[in-house]
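# Residue-level structural notes
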Amino acid sequence: QVQLVESGGGLVQAGGSLRLSCAASGRTFSSYVMGWFRQAPGKEREFVAAITWSGSSTYYADYVKGRFTISRDNAMNTVYLQMYSLKPEDTAVYYCAVRLTPAITSLYTEYRYWGQGTQVTVSS
């Protein structure tokens, strides 16, 4: 089992920034992908960003590219999502997830473990 706990969400004005954290505990794997997804009310869960555990590869959805940065601290078993230039349309519950293979994918069905989510609200 892998437990994931997100934190760092909150209310911010448009143009502002937030940093989300996802702490992993429990069983650890030598090579797996960490991803961030989000889900707004009435919408499908959508991919935001992903990173290999080595950090050698990252992948972003087009609608966050250039504004969000995913990174990790292996010593802390933590993955971060730094979000800049936030827009009202970024408002959603943000989830981190683990994929038990080393290949990055944006498909949420490929991720095995999920955190409980953290709310991000961007006011206009």
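Below is a short write-up of the structure. (Residues numbered from 1 in each chain as written. Predicted model: local features only at pLDDT ≥ 70, side-chain atom pairs only at ≥ 80, totals over all residues. Heavy atoms only, no water.)

Turning next to the state of the cysteines. Here the structure, examined in full by the defined rule, presents one disulfide. At a sulfur-sulfur separation of 2.0 Å, the disulfide partner of Cys-22 is Cys-96. A torsion of 55° about the S-S bond marks the disulfide between Cys-22 and Cys-96 as right-handed. Here Cys-22 is found in strand β3 (residues 18-26), whereas its partner Cys-96 is found in strand β9 (residues 92-99), with 74 residues between them in sequence. One exposure class covers both Cys-22 and Cys-96, and it is buried. (Disulfide = S-S within 2.5 Å. Helix = DSSP H or I, 4+ residues; strand = E, 2+ residues; numbered from the N terminus. Buried < 20%, exposed > 50% of the residue type's maximum accessible area, 1.4 Å probe, protein only.)

We now examine the environment of Gly-15. By the element assignment, Gly-15 lies in the loop between β2 (10-13) and β3. C-alpha of Gly-15 to C-alpha of Phe-68: the two residues are 53 residues apart in sequence and 12 Å apart in space. Those residues within four positions of Gly-15 in sequence are excluded, and the remaining contacts are Ser-85 and Leu-86. (Contact = heavy atoms within 4.5 Å.)

So, on to the nonpolar core. Counting 37 residues, the largest nonpolar core has Leu-4, Met-34, Trp-36, Leu-81, Met-83 and Tyr-94 as its most contacted members. Looking at this core, the elements that each hand over two or more residues are β1 (2-7), β3, β4 (33-39), β5 (46-52), β7 (68-73), β8 (78-83), β9 and β11 (118-123). Leu-4 has contacts with Cys-22, Ala-23, Ala-24, Met-34, Cys-96, Ala-97, Val-98, Tyr-113, Trp-114, Gly-115 and Gln-116, leaving out every residue within four places of it along the chain. (Core = buried A, V, L, I, M, F, W, Y, C linked by side-chain atoms within 4.5 Å.)

Moving on to the pattern of salt bridges. Per the stated rule, a full pass over the model turns up five salt bridges. Across the salt bridge formed by Arg-38 and Glu-46, the nearest N and O atoms sit 2.6 Å from each other. Accessibility expressed as a relative area gives 5% for Arg-38, which makes it buried. Across the pair Asp-62 and Lys-65 runs a salt bridge, and its minimum N-O distance is 3.2 Å. Salt bridges sharing partners connect three or more residues here, namely Arg-38, Glu-46, Arg-67 and Asp-90. (Salt bridge = Lys/Arg side-chain N within 4 Å of Asp/Glu carboxyl O.)

So, to be careful, I would describe these as geometric facts and stop short of saying anything about function.
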